[in-house]
Amino acid sequence: MNVVSRFLRFVQGDSQADRVVPPTGYSARLTVFTAGAMAFLAVFAMALSLAADRLADRWSDALARTSTIRISAPLAELEAQTWAVLTVLEQTSGVDSARALTDDEQRALLEPWFGPDLPVADLPIPRLVEVVETAEGYDAEGLRQRLAAEAPGAVLDDHTRWRRPLVEAANGLRLLGWVAIGLILASTAAMITLAAGSALAANQGVIKVLRLVGARDNYIARAFVRRFTLRALSGAMAGTIAGMIAVALLPRAGDEQAFLTGLGFSGLHWLWPLTVPVLAAVTAFWATRIAAFRTLGGLR
Amino acid sequence: MIELEDAAYGYGTEPLLSEIGLRLAPGSFHFLTGPSGAGKTTFLRLCYADLLPTGGSVRLFEQEAKAMSRDDIAKARQRIGVVHQDCQFLDHLPVAENIALPLTVSGRKTGQEAANLEELIGWVGLRARADALPPELSGGERQRAALARAVIMDPDVILADEPTGNVDWEMSLRLLTLLVELNKMGKTVLIATHDLALIRAAKAQVSARVLRIGGGRIHLAGADL
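Residues numbered from 1 in each chain as written. Chains lettered and ligands numbered in written order. Predicted model: local features only at pLDDT ≥ 70, side-chain atom pairs only at ≥ 80, totals over all residues. Heavy atoms only, no water.

- As recorded in an unreviewed UniProt entry, chain B goes by ATP-binding cassette domain-containing protein and comes from Rhodophyticola porphyridii.

1. A short note on the overall build of chain A
Here is step 1: For chain A, the count of helices and strands is 10 helices and 4 strands.
Here is step 2: Traced from its N-terminal end to its C-terminal end, chain A shows the element sequence α-α-α-β-α-β-α-β-α-β-α-α-α-α.
Here is step 3: In terms of C-alpha radius of gyration, chain A reaches 31 Å, well past the compact-globule figure of 19 Å for 300 residues.
Here is step 4: With respect to the principal axes defined by its C-alpha atoms, chain A has extents near 100 × 40 × 30 Å. (Helix = DSSP H or I, 4+ residues; strand = E, 2+ residues; numbered from the N terminus. Rg over C-alpha atoms; globule rule 2.2 N^0.38 Å.)

2. Some points on the nonpolar core
Here is step 1: Ranked by internal contacts, the top residues of the largest apolar core, which has 51 residues, are A:V20, A:L210, B:L90 and B:L101.
Here is step 2: Elements with a contribution of two residues or more to this core: α3 (25-61), α7 (160-202), α8 (204-212), α9 (217-248) and α10 (275-298) of chain A together with α4 (101-106) of chain B.
Here is step 3: When neighbours within four sequence positions are excluded, A:V20 is seen to be in contact with A:V206, A:L210, A:Y219, A:A223, B:L90, B:H92, B:L93 and B:L101.
Here is step 4: The next biggest cluster of nonpolar side chains, apart from the first, holds 45 residues, and it includes B:L117, B:L147, B:A150 and B:V180. (Core = buried A, V, L, I, M, F, W, Y, C linked by side-chain atoms within 4.5 Å. Buried < 20%, exposed > 50% of the residue type's maximum accessible area, 1.4 Å probe, protein only. Contact = heavy atoms within 4.5 Å.)

3. Side note on the sheet that holds strand β5 (residues 63-64) of chain B
All names here are of chain B.
Here is step 1: One open sheet accounts for 4 strands, arranged β2-β1-β4-β5; its pairing is antiparallel. Each edge of the open sheet carries a strand with a single partner, namely β2 (17-24) and β5.
Here is step 2: Here strand β1 (residues 2-9) pairs with strand β4 (residues 55-60) via 5 bridges, running antiparallel. Paired with L4 across the bridge in β4 is V58. (Pairing = 2+ DSSP bridges.)

4. Here's the deal with the domain arrangement of chain A
Here is step 1: When its domains are assigned, chain A resolves into domain 1 (14-55 + 171-298) and domain 2 (73-152).
Here is step 2: The straight-line distance from the C-alpha centre of domain 1 of chain A to that of domain 2 of chain A is 55 Å. (Domains from an automatic or database assignment.)

5. Section: helix α8 (residues 196-203) of chain B
Along an α-helix, residues three or four apart share an orientation, since each turn contains 3.6 residues.
All names here are of chain B.
Here is step 1: Buried residues of α8: L198, I199, A201 and A202, and no others. Viewed end-on, α8 has its buried residues packed into an arc of 160°, placing them on one side of the element.
Here is step 2: Residues of α8 that are buried sit in contact with β3 (29-33), α7 (169-184) and β9 (209-214).
Here is step 3: By the N-cap criterion, in which a side-chain oxygen at the helix start approaches the backbone nitrogen of a residue two or three places on, α8 is capped by D195, the distance to A197 being 3.2 Å. (Arc of directions from axis to C-beta. Polar contact = N/O pair within 3.5 Å; in protein donor to acceptor, adjacent residues only side chain to side chain.)

6. So, the domain arrangement of chain B
Residue and element names in this part refer to chain B.
Here is step 1: Segmenting chain B into domains produces domain 1 (1-79 + 159-225) and domain 2 (91-154).
Here is step 2: For domain 1 versus domain 2, the distance between C-alpha centres works out to 23 Å.
Here is step 3: At the interface, 13 residues of domain 1 touch 12 residues of domain 2.
Here is step 4: On inspection of domain 1 and its partner domain 2, the count reaches 1 salt bridge.
Here is step 5: Between D154 and K187 there is a salt bridge, with the nearest N and O atoms lying 2.2 Å from each other. (Salt bridge = Lys/Arg side-chain N within 4 Å of Asp/Glu carboxyl O.)

7. Considerations on the environment of A:I207
Here is step 1: Mapped onto the elements of the fold, A:I207 is located in helix α8.
Here is step 2: Distance from A:I207 to A:A221, taken between C-alpha atoms, is 9.6 Å for residues 14 residues apart in sequence.

8. Details of the interface of chain B and chain A
Here is step 1: Contacts between the two partners involve 26 residues from chain B, matched on the other side by 22 residues from chain A.
Here is step 2: In total, chain B and chain A occlude about 2,200 Å² of area from one another, counting both sides; carbon and sulfur atoms represent 56% of this.
Here is step 3: Its largest share of buried area at the contact with chain A, chain B owes to B:R70, B:H92 and B:V105, together 27% of the area lost on that side.
Here is step 4: Taking the shortest distance from any N to any O, the salt bridge between A:R19 and B:E97 comes out at 2.6 Å.
Here is step 5: Applying the counting rule to chain B against chain A returns 6 residue pairs in polar contact (both at pLDDT 80 or more).
Here is step 6: Where the side of chain B that touches chain A is concerned, the elements lending two or more residues are α2 (70-77) and α4 of chain B.
Here is step 7: Here the side of chain B that touches chain A takes 6 residues from α2(B), the largest share from any one element. (Buried area = accessible area lost by both parts, 1.4 Å probe.)

9. Comments concerning the packing of aromatic side chains
Here is step 1: Evaluated as defined, the whole model comprises 6 aromatic pairs over all chains.
Here is step 2: Lying across the ring of A:F228, A:R231 places its NZ or CZ 5.0 Å from the centre.
Here is step 3: When the ring centre of B:F61 is taken as origin, the NZ or CZ atom of B:R79, which lies over that ring, is 3.9 Å away. (Phe/Tyr/Trp six-rings, centres within 6.5 Å; stacked < 30°, edge-to-face > 60°. Lys NZ or Arg CZ within 6 Å of the ring centre and 35° of its normal.)

10. What to know about a nonpolar patch on the surface
Residue and element names in this part refer to chain A.
Here is step 1: Taken together, V4, F7, L8 and V11 make up a surface patch of nonpolar side chains, about 380 Å² in accessible area.
Here is step 2: Looking at the element boundaries, V11 is found in helix α1 (residues 2-12).
Here is step 3: Classification of V11 as partly exposed rests on a relative accessible area of 41%. (Patch = residues over 30% accessible without salt bridge, like charges linked within 9 Å, V, L, I, M, F, W, Y side chains within 5 Å. Areas by Shrake-Rupley, 256 points an atom, 1.4 Å probe, with all protein chains shown as cover.)

As structure tokens, then:
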């Protein structure tokens, strides 16, 4: 309760106390601009991090429950081996469903490389069977052995080989996003410390008068801290709103779910950027407070 | 209230003041005189802990200045009104707000205090100039505003550094009268000045002790004053 009332008193301020420090145009503009620019970048870093998070989840969840069987056999035997594979899969515990991809689906998969109208039926292209697992999953090694016996041309690919580096890459991107947010906050703190230091140095005469009339360091520091915190808050709010609009205007994800087109917020994730102005204000509060007490400590 | 015992202060290796011993008793009236550069301002700054002695001791309200925290010093300064030679105002605030500054920083600006402020501004004759900014004031008006600011917290001690330095004789006498009035209200007053005529004029109104500063030491002034 005490913390809340102190916070409310801080936000409400004291109109008399606020006036004792003259407004300084340069440091005010610098603080507002820095906070705004940093908040804009933080929103993008947050969008990157959350998009990477979704991607990692999708790759690790969705791909973990699917696998592919590739059947390479002479055209005359291909149909028989496909049936044999589907029969094995029907009898395999842990397989939810399995189906052979149609010629049209295989043609669509190859279209990016060979163009449209590829005569799939006339080419020695392996037949693909998509397997969807149950939550428990199947015994991959047992299935491989049965396939080897029933359909010698069938090879099971459970996606493990290429899924792992993709998930690792997505996790790396997510981490990179949060590191970027940390660096943005640290840079904001550094810039505001410089601006506050400059304002304190420019107002040494004011500080001298305030001390002469009995002002405590806490009172003097508070006058500067409140001003810089509110400037950082207003700048960061503007930067956050601009960043959210920019993210909202990015192209939406297409059917291919490409990463760049999926950069953005979804659902409740839109609430996350609202933490940016709060973080900026808290950073400005502490940066200015530390700078103020250090400067006041150096002045007799 | 304020006691100096064997106090010394120097800006470089040579001491400007040494072996200074003085006690400002409650309700006393002191003049401190001496040539320019003799150390009058330095002495006053020691008296409100703007400087700390390099030797000996300075005690403010029973507290050793060297051992006081900055908050302790701030608290002590609320009991000491200082009138500076160069006045030192916040130039972006009107005169009335500058005079009320000690109340503002101590969080004591209540309705009653606001009424006292009005009365005080009238007492120093600045009612018509209350909304002016300090750079718009004449030398005499600045000195009166500084005096009003020094007394608004009802301090125990008033220290004035050349309060008549930038004003004509008529205004000097007016300021002196205000300081004498404050002394009669029980305030301890110490005025640093090189204006001997002012000291002679004061002697007709108040029983004042005159100290002369020279050669780094303080002496009781002779009968020539």
